[in-house]
Amino acid sequence: MHNIKDCCKLIKFNPVDFLDEITSNFLEESFEVVTINYTDDGLEEYVCYAPLDFNLNTFNNLAQKQNITLPDFTIETLENKDWLTENVIKFSPFEIGEFLIYGIHETSTPPTSKIPVQVYAATAFGSEHQTTKMCLTAISELHSSIPSPTNILDMGTGSGILSIGASKIWQNNVNIIAADIDAQSVDVTHSNTITNSVEAYIKAIHSDGYSNPIIKENAPFDIIFANILLNPLKAMANDAYQMLSTNGYYLISGFIDNQEHDIINHHTSLGFKLLKTYALENWRAAILQKI
């Protein structure tokens, strides 16, 4: 797993509705690691990591020269020398749908009749988030409807938890592409596939949306997962439709209750058919089908 060894400044930006592509790219170019968390009200929170010699004045001046207005942010010095290890979330094992999810810190698999999935999880990767739980429930239900898919895309894979769950529930008989715009997520996903002995069936790739040619080369997909956020879901809806096989399934999540009508209408206007919605607290998920 990729680590930053000589830690490290943590720069946390105030949550925003949506960060434009120019500002997002500026952050990606300015920091060694950039992650996006999402708050319970659906806002995007950018968290960045930089070397100890990070120069705030240089950073601010560069933003000003490019006419970039940044959200307010705080800076913290992390004293540990392995921030990925130190920031692992030691969540309790939980069962959801057909799965048992447990953390990398566990020394053995907890007793269960479910499919075990062990993941490294940090704040950026959402392995215990409501949206992840709904998606795992949906995958469990899709398994009974689709006995033998051959091709799956996991867009915005995060920790790779959905890809790993899908590989295991379909007994490693499916080709899975796990894509993420965050290079750190790609590293974490690959590490988690090895932990779960499914690395031969899941290819973790770096991709800004559907831009990586590997995605097109492997299309069409029987199922696409997209557990991301409202605006990226809307921006990538047409690409998802094009990359799905006819009658293929599209599992989306990462939007909240007052966004549900907007996101569903956007997708049905493109030709998707709504099959089912899920609700957990104020978060929502949906299964759609290409018709």
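Here the structure is a predicted model, which means the values were calculated and not measured.

Caption draft 1: Representation of the side chain of Glu45 in the model. Along the chain, the position of Glu45 falls in strand E3 (residues 44-50). The buried charged residue Glu45 lacks any salt bridge partner; its closest oppositely charged side chain belongs to Lys12, at an N-O distance of 4.7 Å. In this structure Glu45 touches Lys12, Phe13, Pro15, Thr35, Ile36 and Asn37, once residues within four positions along its chain are discounted.

Caption draft 2: Helix H6 (residues 183-195), seen in detail. Helix length check: H6 (13 residues) gives 19 Å between terminal C-alpha atoms against 18 Å at 1.5 Å per residue, within 8%. Along H6, the positions that sit buried rather than exposed are Gln184, Ser185, Val186, Val188, Thr189, Ser191, Asn192 and Thr193. The backbone nitrogen of Gln184 lies 3.0 Å from a side-chain oxygen of the residue at the head of H6, namely Asp182. The first or second residue beyond H6 is Ser197, which carries a positive phi of 60°.

Caption draft 3: Spotlight on unusual backbone geometry. Residue Ala219 is joined to Pro220 through a cis peptide bond whose omega torsion reads 0°. With respect to the secondary-structure elements, Pro220 resides in the loop between helix H7 (213-218) and strand E11 (221-227). A positive phi is found at Asn172, a non-glycine position, where the angle reads about 60°. What makes Asn172 partly exposed here is its relative accessible area of 26%.

Caption draft 4: Structural view of the confidence of the model for the chain. When pLDDT is averaged along the chain, the result is 88, and 91% of the positions lie at 70 or above. This model gives residues 1-6 a pLDDT under 50, and the stretch forms 17 contacts once residues within four places in sequence are excluded.

Reading the values: the criteria
Residues numbered from 1 in each chain as written. Predicted model: local features only at pLDDT ≥ 70, side-chain atom pairs only at ≥ 80, totals over all residues. Heavy atoms only, no water. Helix = DSSP H or I, 4+ residues; strand = E, 2+ residues; numbered from the N terminus. Buried < 20%, exposed > 50% of the residue type's maximum accessible area, 1.4 Å probe, protein only. Lys, Arg positive; Asp, Glu negative; His and termini not counted. Salt bridge = Lys/Arg side-chain N within 4 Å of Asp/Glu carboxyl O. Contact = heavy atoms within 4.5 Å. Expected span 1.5 Å × (residues − 1). Polar contact = N/O pair within 3.5 Å; in protein donor to acceptor, adjacent residues only side chain to side chain. pLDDT = per-residue confidence, 0-100.

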